[in-house]
Amino acid sequence: MASLSVHSDRLEIHLTRAERTLALRRESIVVQRDNIRSVIITEDPWIWLRGIRALGSIIPLIVAAGTWKFHGGKDFVSIKRHRPAVVIDLVDEEFARVILTSQHATDLIDSLKLPVEPAAVEQTPAEPSS
């Protein structure tokens, strides 16, 4: 399984040698944290595949690794069997979505959380009492 490194400004996805071979990809995937729109955990990553395999390997319901092209762009996938996976939706990156089998999906989500800034509270005028 890929190892994930969360930094203050980016998320690095380091593929294993087998994953790089199956995906036909040489380098790691690096995405800027500002470009992560959402991250969710799924029990069935296969339903998240969209489009057609453009570069990589697939044995249906066993393993899928590589690039999937769809009408709006492309996704990177590295999933195995029916194991929990993380789905990362991105904007302004090489991929629109990254789907990875991961045992540490909850830890990833926790580490990606940004501090919540207090929202401006709009004051409504109090109604006069009768």
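What you see is a predicted model; the values in this text were computed from it and never measured.

## Remarks on the overall build of the chain
No. 1: Summing up its helical and strand segments, the chain has two helices and nine strands in all.
No. 2: The order of helices and strands in the chain, counted from the N terminus, is β-β-α-β-β-β-β-β-β-β-α.
No. 3: For the chain, the proportion of its 130 residues judged to be buried stands at 35%.
No. 4: The long-range share in the chain, meaning contacts at least 24 apart out of those at least 6 apart in sequence, stands at 44%.

## Let's talk about helix α2 (residues 105-112)
No. 1: Within α2 the residues assigned to the buried category are A105, L108 and L112. Projected down its long axis, α2 carries its buried residues within an arc of 60°, all on one side.
No. 2: Considering only its buried residues, α2 is in contact with β1 (3-6), β2 (10-14), β4 (36-42) and β8 (85-90).

## As for the nonpolar core
No. 1: The biggest cluster of nonpolar side chains holds 20 residues, and the ones touching the most others in it are L11, I13, I36, F76, V86, I88 and V98.
No. 2: One finds W46, W68, V77 and A85 within the second-largest nonpolar core, a separate group that totals eight residues.

## Quick look at the packing of aromatic side chains
No. 1: Enumeration over the complete set of coordinates arrives at one aromatic pair.
No. 2: A ring pair is formed by F76 and F95, whose centres lie 5.6 Å apart and whose planes are at 55°; its orientation type is tilted. Within this pair, whereas F76 is found in strand β7 (residues 73-80), its partner F95 is found in the loop between β8 and β9 (97-101), the two being separated by 19 residues in sequence. The pair F76 / F95 is uniform in exposure class, with both members buried.
No. 3: Across from the ring centre of F76, 5.9 Å away, lies the NZ or CZ of R25, which sits over that ring.
No. 4: The ring of F70 is capped by R50, whose NZ or CZ atom sits 3.8 Å from the centre of that ring.

## Describing the sheet that holds β4
No. 1: If you walk across this open sheet you meet the six strands as β4-β8-β9-β7-β6-β5, and the pairing is mixed. Two strands in the sheet have a free side with no partner beyond their single neighbour: β4 and β5 (52-59). Here the average twist between neighbouring strands, direction ignored, is 15°.
No. 2: Sheet topology note: the β4/β8 ladder contains six bridges and is antiparallel. Across the sheet, the residue bridging to S38 is D89, located in β8.
No. 3: Contacting β4 and β8, α2 crosses the sheet at an angle of about 155° to β4.

## Things to note about the confidence of the model for the chain
No. 1: With 87% of its residues at a pLDDT of at least 70, the chain reaches an overall mean of 86.
No. 2: Per-element mean pLDDT across the chain ranges from 82 in α2 up to 96 in strand β6 (residues 63-70).

## Re the environment of Q32
No. 1: Following the sequence through the fold, Q32 ends up in strand β3 (residues 29-32).
No. 2: Looking at Q32, the relative accessible area reads 35%, which means it is partly exposed.
No. 3: For the pair Q32 and L11, spaced 21 residues apart in sequence, the C-alpha to C-alpha distance is 6.3 Å.
No. 4: Setting aside chain neighbours within four positions, we find Q32 in contact with D9, R10 and E93.

Procedures and definitions
- Residues numbered from 1 in each chain as written.
- Predicted model: local features only at pLDDT ≥ 70, side-chain atom pairs only at ≥ 80, totals over all residues.
- Heavy atoms only, no water.
- Helix = DSSP H or I, 4+ residues; strand = E, 2+ residues; numbered from the N terminus.
- Buried < 20%, exposed > 50% of the residue type's maximum accessible area, 1.4 Å probe, protein only.
- Contact = heavy atoms within 4.5 Å.
- Arc of directions from axis to C-beta.
- Core = buried A, V, L, I, M, F, W, Y, C linked by side-chain atoms within 4.5 Å.
- Phe/Tyr/Trp six-rings, centres within 6.5 Å; stacked < 30°, edge-to-face > 60°.
- Lys NZ or Arg CZ within 6 Å of the ring centre and 35° of its normal.
- Pairing = 2+ DSSP bridges.
- Axes fitted to C-alpha atoms, helices over the stretch in contact; angles between N-to-C directions.
- pLDDT = per-residue confidence, 0-100.

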